Amino acid sequence: MANNLARLRQDRGWSQDHLAGLMGTTRNQLAKLEGGSRRLSDVWIERAAKALGVDAGALVTTLDDVTVVGDVGAGGRVIYHGEEQGGIDRAERPPRSSGGLVAVRVQGDSMPGVAEDQWLIYYDERVRGVPDEWLGKVCVVWLPDDRVFVKRIYRGRDPGTFDLVSTGSYDPMRDEEVAYSAIVRFTQQR
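Residues numbered from 1 in each chain as written. Predicted model: local features only at pLDDT ≥ 70, side-chain atom pairs only at ≥ 80, totals over all residues. Heavy atoms only, no water.

A. Focus on the pairing of strand 4 (residues 102-106). Within strand 4, five of the five residues are buried, which leaves the element mostly enclosed by the surrounding structure. Taking every second residue as pointing to the same face, both faces of strand 4 are buried, with Val102, Val104 and Val106 on one and Ala103 and Arg105 on the other. Two elements, strand 1 (residues 65-72) and strand 4, share five bridges in a ladder whose sense is parallel. Counterpart to Gly70 in the pairing with strand 4 is Val104. (Buried < 20%, exposed > 50% of the residue type's maximum accessible area, 1.4 Å probe, protein only. Helix = DSSP H or I, 4+ residues; strand = E, 2+ residues; numbered from the N terminus. Pairing = 2+ DSSP bridges.)

Below, the structure written as structure tokens:
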């Protein structure tokens with residue numbers, strides 16, 4: 001049975017030995033699972049999903065498309081719709097993109113200069129805080145109060161805070177704590 005185990009491992013730059021160690025198995029067993037000569041049972045799916053940090057469905061669904069998990073509206077605010085249930089739509093996967101990629105759909109003129117109405121904004125790797133190399137770039141940001149935005153990120157005045165700047169005419173959000181961030185990898189017209 002075909003699966004996405006090898007692609008998800010390779011997207012992370014991991015060796016078979018590394019992933020096998022995280023899954024509590026051998027490289028030989030992992031090679032059989034990746035190649036399909038050994039069945040990827042529910043137990044193996046659970047182990048692999050935990051090791052890779054993905055939903056179990058990412059291991060067995062086609063990677064030719066991407067889940068659209070929500071909408072970006074006024075002020076760059078993201079409203080999620082059924083991410084856990086498979087999202088609200090599917091979209092074409094950009095070339096050379098990672099297996100963990102998801103998209104949000106732009107509503108109206110909320111992202112001028114970045115994306116137009118109904119365009120898709122793609123992101124993947126969500127990390128704690130904000131890496132220095134993402135400063136000045138457009139990112140998806142999760143605040144401690146569970147609000148999520150697509151904003152350009154700059155250092156705030158207070159240590160550990162950030163200024164979140166809209167691409168439109170909305171006032172910047174100053175000195176915000178950021179729980180997680182993910183850099184925008186692609187934007188695409190629909």
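Now, onward.
B. Structural context of the environment of Pro94. Counting through the fold element by element, Pro94 comes out in the loop between strand 3 (89-92) and strand 4. Judged by its relative accessible area of 3%, Pro94 is buried. In the structure, Pro94 is positioned 25 residues away from Val69 in sequence and 16 Å away in space, judged by C-alpha atoms. For Pro94, the contacting residues outside a window of four places in its chain are Val66, Leu101, Tyr122, Phe186 and Gln188. (Contact = heavy atoms within 4.5 Å.)

C. Broad picture of the nonpolar core. One finds Val104, Met111, Ile121, Tyr123, Val140 and Val150 to be the most contacted residues of the largest nonpolar core, which totals 18 residues. Of all the elements in the fold, those that place two or more residues in this core are strand 1, strand 4, strand 5 (120-123), strand 7 (138-142), strand 8 (148-155) and strand 11 (180-188). Residue contacts for Tyr123: discarding those within four places in its chain leaves Val69, Tyr80, Gly100, Leu101, Val102, Val104, Val140, Trp142, Ala182, Ile183, Val184 and Arg185. In this structure, Leu19, Leu33, Ile45 and Ala48 belong to the second largest nonpolar core, which totals 17 residues. (Core = buried A, V, L, I, M, F, W, Y, C linked by side-chain atoms within 4.5 Å.)

D. Expanded view of the pattern of salt bridges. On inspection of all chains with the given rule, the structure shows nine salt bridges. Across the pair Asp89 and Arg190 runs a salt bridge, and its minimum N-O distance is 2.9 Å. Within this pair, whereas Asp89 is found in strand 3, its partner Arg190 is found in the segment after strand 11, the two being separated by 101 residues in sequence. With a relative accessible area of 45%, Arg190 lands in the partly exposed category. Measuring nitrogen to oxygen at the nearest pair gives 3.6 Å for the salt bridge that ties Arg185 to Glu125. With a gap of 60 residues between them, Arg185 in strand 11 and Glu125 in the loop between strand 5 and strand 6 (127-128) connect regions that are remote in the sequence. Given the relative accessible area of 43%, Glu125 is considered partly exposed. (Salt bridge = Lys/Arg side-chain N within 4 Å of Asp/Glu carboxyl O.)

E. Quick peek at the packing of aromatic side chains. Here the structure, examined in full by the defined rule, presents two aromatic pairs. Consider the rings of Tyr122 and Phe186, whose centres lie 6.3 Å apart with planes at 90°: the pair is edge-to-face. Taken together, the positions of Tyr122 in strand 5 and Phe186 in strand 11 put the pair 64 residues apart, joining distant regions of the chain. Exposure remark for Tyr122: the relative accessible area of 0% places this residue in the buried category. (Phe/Tyr/Trp six-rings, centres within 6.5 Å; stacked < 30°, edge-to-face > 60°.)

F. Region of interest: the side chain of Ser166. Mapped onto the elements, Ser166 comes out in the loop between strand 9 (162-165) and strand 10 (173-176). Note on Ser166: relative accessible area 11%, which makes it buried. In terms of polar contacts, Ser166 uses its side chain to reach the side chain of Lys151, at 2.5 Å. Residues contacting Ser166, with those up to four places away along its chain left out, are Gly75 and Lys151. (Polar contact = N/O pair within 3.5 Å; in protein donor to acceptor, adjacent residues only side chain to side chain.)

G. Expanded view of the packing of helix 2 (residues 16-23) against helix 4 (residues 42-52). Where helix 2 meets helix 4, the axes come as close as 9 Å, and the angle between the chain directions of the two elements is 115°. By the angle class used here, helix 2 and helix 4 are roughly perpendicular. When the axes of helix 2 and helix 4 are compared, the crossing they make is right-handed. Together, Leu19, Leu22 and Met23 of helix 2 and Trp44, Arg47, Ala48, Ala51 and Leu52 of helix 4 make up the contact between the two elements. A breakdown of the residues in the contact of helix 2 with helix 4 according to their chemical character gives seven nonpolar, no polar and one charged. (Axes fitted to C-alpha atoms, helices over the stretch in contact; angles between N-to-C directions. Parallel < 35°, antiparallel > 145°, perpendicular 65-115°, else oblique. Left-handed = near helix turned anticlockwise from the far one by under 90°. Nonpolar A, V, L, I, M, F, W, Y, C, P; charged D, E, K, R; others polar.)

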